[in-house]
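Each chain, letter by letter, is given below.
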Amino acid sequence: MTKVLVVDDDFMVAKLHSRYVSAVDGFTVAGVAHSGAEALRAAEALRPDIVLLDIYLPDMDGIGVLRALRAAGHGADALFITAARDAGTIRSALRAGALHYLIKPFSQAALREQLLHVASLRTRLDELDEARQEDVDQIFGTRPPGSRELPKGLAAHTADLVDRILRDHPAGLSATECAEAGSLSRVSARRYLEYFAETGRAEVTLRYGGTGRPERRYRRV
């Protein structure tokens with residue numbers, strides 16, 4: 001289970017965020033804190049994997065909490081969940097080491113997506129001994145538009161479409177199913193899926209049937 005520490009000065013908001021976290025498979029609320037000092041004590045005692053941090057706390061701001069956690073050697077990943085919208089605060093949060101920044105109010109689905117993203121990054125880093133550039137690009141985020149080097153014959157907009165289809169099918173799918181979902185030819189869908197597999201953006205498993213060749217299924221990494 002991925003342990004999450006929820007930090008928010010509003011008791012009701014903290015309870016709501018805790019409920020959001022608990023609804024995501026594989027995640028558990030390790031503790032709740034309502035001030036910066038409580039957050040630091042809880043992090044020391046509970047050793048969470050992820051900290052959901054509000055900016056506005058009664059004794060210190062969330063950015064100060066994150067900096068104190070880093071200074072103390074805590075390796076928890078931080079997601080800011082706050083009403084603070086000014087660019088300076090967002091910039092400071094990024095520089096302090098936040099992985100993402102959600103502005104209140106937000107949906108349960110938005111938090112779920114970020115939690116799963118952080119967990120995926122942690123798993124991928126744990127599995128890597130030596131990274132390729134494709135691995136680094138995935139960990140730090142996608143490259144700017146136009147910077148991706150696709151093989152000749154592949155188009156960026158179709159690659160984005162296939163990527164979205166993979167996102168929508170976390171359990172994996174075949175080239176035929178991908179083609180149907182994106183209104184593509186099976187040959188075209190297979191080319192993009194194989195390209196994703198070659199560059200580490202998808203993994204391939206084989207499904208064996210009664211007769212014939214096994215079906216190749218693709219799942220987004």
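Residues numbered from 1 in each chain as written. Predicted model: local features only at pLDDT ≥ 70, side-chain atom pairs only at ≥ 80, totals over all residues. Heavy atoms only, no water.

### Quick look at the pairing of strand β3 (residues 50-53)
Regular strands place side chains that alternate from one sheet face to the opposite one. Where we set the bar: When a residue's accessible area, from a 1.4 Å probe over protein chains only, is under 20% of the maximum for its type it is buried; when over 50% it is exposed; and in between it is partly exposed. What counts as a helix is a DSSP run of H or I of at least four residues, what counts as a strand is a run of E of at least two, and both are numbered from the N terminus. For two strands to be treated as a pair, DSSP must find no fewer than two bridges joining them. When the strands point away from the viewer, a crossover counts as right-handed if the path from the first strand over the helix to the second runs clockwise.
Residues I50 and L52 line one face of β3 and the alternating positions V51 and L53 line the opposite face, and both faces are buried. Examined bridge by bridge, strand β1 (residues 2-7) and β3 share four bridges and lie parallel to one another. Opposite V4, over in β3, you have I50 as the bridge partner. Judged from the four bridges that link them, β3 and strand β4 (residues 77-82) form a sheet pairing that is parallel. Paired with L53 across the strands is F80, a residue of β4. Following the chain from β3 across helix α3 (residues 62-71) to the adjacent parallel β4, one finds a crossover that is right-handed.

### Description of the packing of aromatic side chains
Our working definition: Pairing of aromatic rings covers Phe, Tyr and Trp, the last counted by its six-membered ring, and requires centre-to-centre distances within 6.5 Å; plane angles under 30 degrees mean stacked, over 60 mean edge-to-face, and any other angle means tilted.
Counted by the stated rule, this structure contains three aromatic pairs. Their ring planes at 45° and their centres at 5.9 Å tell us that Y195 and F196 sit as a pair that is tilted. Side by side, Y195 and F196 carry an identical accessibility label, which is buried.

### Structural notes on a nonpolar patch on the surface
Rules: Candidate patch residues must exceed 30% relative accessible area and have no salt bridge, after which like charges are joined if within 9 Å and Val, Leu, Ile, Met, Phe, Trp or Tyr side chains if within 5 Å. Surface accessibility in these figures is a Shrake-Rupley result with a 1.4 Å probe; residues are shielded only by whichever protein chains are displayed. Whenever Lys or Arg places a side-chain nitrogen within 4 Å of a carboxyl oxygen from Asp or Glu, that contact is recorded as a salt bridge.
On the surface, V204, L206 and Y208 cluster together to form a nonpolar patch covering roughly 300 Å² of accessible area. Here Y208 lies in the loop between β7 (202-207) and β8 (215-220).

### Here we look at helix α7 (residues 156-168)
Rules: One fewer than the residue count of a helix, multiplied by 1.5 Å, yields its expected span. Here the arc refers to the directions that run from the helix axis out to each C-beta atom. Contact definition: two residues touch when any of their heavy atoms are within 4.5 Å.
End to end, α7 covers 18 Å across 13 residues, agreeing with the expected 18 Å (1.5 Å per residue, within 8%). Looking at α7, one finds that the buried residues are T158, A159, V162, D163, I165 and L166. All buried residues of α7 lie within an arc of 160° about the axis, which places them on one face of the element. Exposed and oriented more than 90 degrees from the buried face of α7 are H157 and D168. Looking at the buried positions of α7, the neighbouring elements they touch are β6 (173-174), α8 (175-182), α9 (186-198), β7 and β8.

### Quick notes on the environment of M12
Note that M12 resides in helix α1 (residues 11-22). When the C-alpha positions of M12 and L94 are compared, they lie 27 Å apart, and in sequence the two are 82 residues distant.

### Some words on unusual backbone geometry
Cis geometry marks the peptide bond from K104 to P105; its omega dihedral reads -10°. Considering the arrangement of structural elements, one finds P105 in the loop between β5 (100-103) and α5 (108-127). Not every positive phi belongs to a glycine, and R47 is a case in point at roughly 50°. Residue placement: R47 occurs in the loop between α2 (36-46) and β3. When its relative accessible area of 42% is taken as the criterion, R47 is described as partly exposed. Positioned with a positive phi, S183 is a non-glycine residue whose angle comes to about 55°. You can see S183 is positioned in the loop between α8 and α9.

Functional significance is not addressed by these values, which are geometric in nature.
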